[in-house]
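Summary of structural features
Here's the letter readout for the chains.
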Amino acid sequence: MKKTILVVEDESLSRKLIAGTLINHGFECLTAENGQYALDILEKNHCDLILTDLRMPIMDGVEFIGAIRELETEVEYKADINNHHKIPIVVLSAEEGEMLERALKLDIAGYFLKSSSIEALIPKLKDLLHVQ
């Protein structure tokens, strides 16, 4: 079964490039241009991993990650789900300052600089998703 990755990136060209690369490596891909749209997508779709930028309009990456972690906590309290787990979230951003520090405190699975090749990220994503 293919794993689904949600790409949250406000720059259209970057979003398409990342999604295309992920699809070429056998992943299903959903995309959103900011955190608010991503939350809307997650209401209706299963997602195995989230790859998000930090600086975005409407709802930035830190707010988005915080909202996801809050929803996961609510689910844990509302139902006793034995196999409930946190969605791995990987930050892909040019941001290296205070905003990244805030994201790191929200239990992200990794951080990659946008200046790096998306190809270099594929082995880490496969490892996080336990796929070959």
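Structure report, in brief. (Residues numbered from 1 in each chain as written. Predicted model: local features only at pLDDT ≥ 70, side-chain atom pairs only at ≥ 80, totals over all residues. Heavy atoms only, no water.)

Description of the overall build of the chain
Put simply, the rule reads: Where helices and strands are cited, they refer to DSSP runs of H or I of at least four residues and of E of at least two residues respectively, numbered from the N terminus. Here the globule rule is a power law, 2.2 Å times the number of residues to the power 0.38, and the radius of gyration is based on C-alpha atoms. Remark: exposure states derive from per-residue accessible area (1.4 Å probe, protein chains only) relative to the maximum for the residue type, with buried under 20%, exposed over 50%, and partly exposed in between. We call two residues in contact whenever any of their non-hydrogen atoms come within 4.5 Å of each other. Accessible areas in this description were obtained via Shrake-Rupley with a 1.4 Å probe; residue shielding takes into account the shown protein chains only.
When its secondary structure is counted, the chain shows 5 helices and 5 strands. When its helices and strands are written in sequence order, the chain yields β-α-β-α-β-α-β-α-β-α. For a compact globule of 132 residues, the expected C-alpha radius of gyration is about 14 Å, and the chain comes in at 14 Å, within 12% of that figure. Overall, the chain is about 40 × 35 × 25 Å in size when its C-alpha atoms are taken along their principal axes. Here the chain holds 132 residues, and the buried ones make up 43% of them. Summarising the internal contacts of the chain: among those between residues at least 6 apart in sequence, 61% fall at separations of at least 24. Counting only carbon and sulfur atoms, one obtains 52% of the accessible surface of the chain, whose full area is about 7600 Å².

Notes on the sheet that holds strand S1 (residues 4-8)
Test applied: By the convention used here, strands pair only if DSSP detects at least 2 bridges between them. Working convention: axes come from line fits to C-alpha atoms, limited for helices to the stretch in contact. Angles between N-to-C directions cover 0 to 180 degrees.
Pairing in this open sheet of 5 strands is parallel, and the strands run S2-S1-S3-S4-S5 from one edge to the other. Across the chains shown, the open sheet's two edge strands, defined by having one partner strand only, are strand S2 (28-32) and strand S5 (110-113). Sheet twist, expressed as the mean angle between neighbouring strand axes with direction ignored, is 20°. Sheet topology note: the strand S4 (residues 89-93)/S5 ladder contains 4 bridges and is parallel. Bridged to Val-90 within S5 is Gly-110. Helix-sheet contacts for helix H1 (residues 12-24) involve S1, S2, strand S3 (49-52) and S4, and the interaxial angle to S2 is about 170°.

Functional significance is not addressed by these values, which are geometric in nature.
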